[in-house]
Amino acid sequence: MDPSYYTENTEEVSTIATLGDVATSITCSQVIAKEAFPNALRIGTDSFESAAQMVKDGVVRFVLVPGAYPKVGPLLMDEDLMLERVFKAKIPELAFGNVLNDITAPLEAVYHHAAVTSLLPKVPGYTCGTLFIPVSSNEVAYQAMVTHGERAGCVSNQVVFDHFKRPSLLTLRTARDMAWLMFVARATPMGPGHASTIGEV
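Values in this document were obtained by computation on a predicted structure and should not be read as measured data. Per-chain numbering applies: the sequence of each chain, read as written, is numbered from 1 onward. Reporting of local features is limited, given that this is a predicted model, to residues whose pLDDT is at least 70; pairs of side-chain atoms are given and counted only at 80 or more, and all residues count toward the totals for whole chains, interfaces and linings. As a rule here, side-chain values come from all non-hydrogen atoms in the structure, and water together with hydrogens is ignored.

### Digging into the packing of aromatic side chains
Working definition: a ring pair exists when centres of Phe, Tyr or Trp rings (six-membered ring for Trp) sit within 6.5 Å. Plane angles under 30 degrees give stacked, over 60 give edge-to-face, the rest tilted. Scanning all chains against the criterion turns up five aromatic pairs. With 4.7 Å between their ring centres and 55° between their planes, Phe-48 and Tyr-69 make a pair best called tilted. Pair noted here: Phe-48 is in helix H2 (residues 48–56) and Tyr-69 is in the loop between strand S4 (62–66) and helix H3 (72–77), with a separation of 21 residues, a long-range link. Take Phe-48 and Tyr-69: they sit in the same class, and that class is buried. Taken together, a centroid distance of 5.3 Å and an interplanar angle of 75° make the contact between Tyr-126 and Phe-132 edge-to-face. On the accessibility criterion, Phe-132 (29% relative accessible area) is partly exposed. Here a set of aromatic residues connected by ring pairs shows up, and it is made of Tyr-142, Phe-161 and Phe-164. We call a charge positioned above a ring when the Lys NZ or Arg CZ atom is no farther than 6 Å from the ring centre and deviates by at most 35 degrees from the ring normal. Residue placement shows Arg-61 over the ring face of Phe-62; its charged tip is 5.5 Å from the ring centre. Only runs of H or I of at least four residues qualify as helices and only runs of E of at least two qualify as strands under DSSP, and these elements are numbered from the N terminus. Partly exposed residues are those whose accessible area sits between 20% and 50% of the maximum for their type, while under 20% is buried and over 50% is exposed, using a 1.4 Å probe and protein chains only.

Structure, rendered in structure tokens:
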């Protein structure tokens, strides 16, 4: 994979943190990090904020965040972080599935990551009593669905469904390009890590 970069910074990515478990690497963020930076040491976290904190603490050099993340604004405004580069890369299909593998089954709960909230009206089988429950990642959404039991569903990516060998029932959004933001710890002006083409706001 050769990401299309919107920066001239060519620093090699040696360490990077992002959302998800490195062992499975099935969150969208881990999929992209693995494909875009195959030689980097990847660290998995339970939130993008935790990944950003690792950058600020000097544990890793980069944090990777998708542009669709609803809480990306505070990261952009964080005085201790700097947007170092941006690139586009295609994320997997986002899909719906449920425990019964039956698209007509009524649902008590649908688990999802906040980034897919706009897709929830497309979910089949929900009623006015269905709970839509945000969780920390697409992988966790699937696991929470299974734990809940037979009247639960989830919105996740196709990689997650394939990993757990469960069919998805409805594609909610086809694979498409996503903007990916990479942050580093803020350095002194024009010092190490300064982004020459993105600049500071």
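### Thoughts on the pattern of salt bridges
Salt bridges are counted wherever a side-chain nitrogen of Lys or Arg sits within 4 Å of a carboxyl oxygen of Asp or Glu. A complete count under the given rule lists four salt bridges for this structure. Here Lys-90 makes a salt bridge to Asp-177, at a shortest N to O gap of 3.8 Å. Taken as a pair, Lys-90 in strand S5 (residues 81–91) and Asp-177 in strand S11 (residues 176–185) lie far apart in primary sequence, 87 residues in all. Among the residues examined, Lys-90 registers a relative accessible area of 47% and is labelled partly exposed. The salt bridge involving Glu-108 is made with Arg-151; its shortest N-O contact spans 3.9 Å. A residue pair is termed long-range when its members are at least 10 positions apart, and Glu-108 in the loop between strand S6 (94–98) and strand S7 (109–113) and Arg-151 in the loop between helix H4 (138–148) and strand S9 (152–157) qualify at 43 residues. Look at Glu-108 and you get partly exposed, because its relative accessible area is 37%.

### Regarding the environment of Val-155
Note on placement: Val-155 falls in strand S9. When the C-alpha atoms of Val-155 and Val-110 are compared, they prove to be 7.3 Å apart, with 45 residues separating the residues in sequence. Whether two residues are in contact is decided by their heavy atoms, any of which lying within 4.5 Å being enough. Residues in contact with Val-155, not counting those within four places in the same chain, are Ala-95, Val-110, Tyr-111, His-112, Val-116, Leu-120, Val-123, Asn-138, Ala-141 and Leu-172.

### Section: the nonpolar core
Of all hydrophobic cores here, the largest spans 28 residues; its most connected members are Ile-16, Phe-37, Leu-64, Phe-87, Val-123, Trp-180 and Met-182. Among the secondary structure elements, those contributing two or more residues to this core are helix H1 (28–36), S4, S5, S6 and S11. Sequence-distant contacts of Leu-64, that is, excluding residues within four places in its chain, are made with Ile-16, Ala-17, Thr-18, Ser-29, Ile-32, Ala-33, Phe-48, Phe-87, Trp-180, Leu-181 and Met-182. Ala-51, Ala-52, Val-60 and Val-72 belong to the second-largest nonpolar core, a separate cluster that totals 18 residues. Here, nonpolar core refers to any group of buried Ala, Val, Leu, Ile, Met, Phe, Trp, Tyr and Cys residues whose side-chain atoms link them within 4.5 Å.

### Some details on the pairing of S7
Both faces of the sheet carry side chains from a regular strand, because those side chains alternate between them. Counting buried residues along S7, five of its five residues qualify, which places the element largely inside the surrounding structure. Burial along S7 is two-sided: the face carrying Ala-109, Tyr-111 and His-113 and the face carrying Val-110 and His-112 are both buried. Here a strand pair is declared whenever DSSP counts at least two bridges between the two strands. Examined bridge by bridge, S7 and strand S8 (residues 131–135) share five bridges and lie parallel to one another. Paired with His-113 across the two strands is Val-135, which belongs to S8. Two elements, S7 and S9, share three bridges in a ladder whose sense is parallel. Bridging across to S9, Ala-109 finds its partner in Ala-152.

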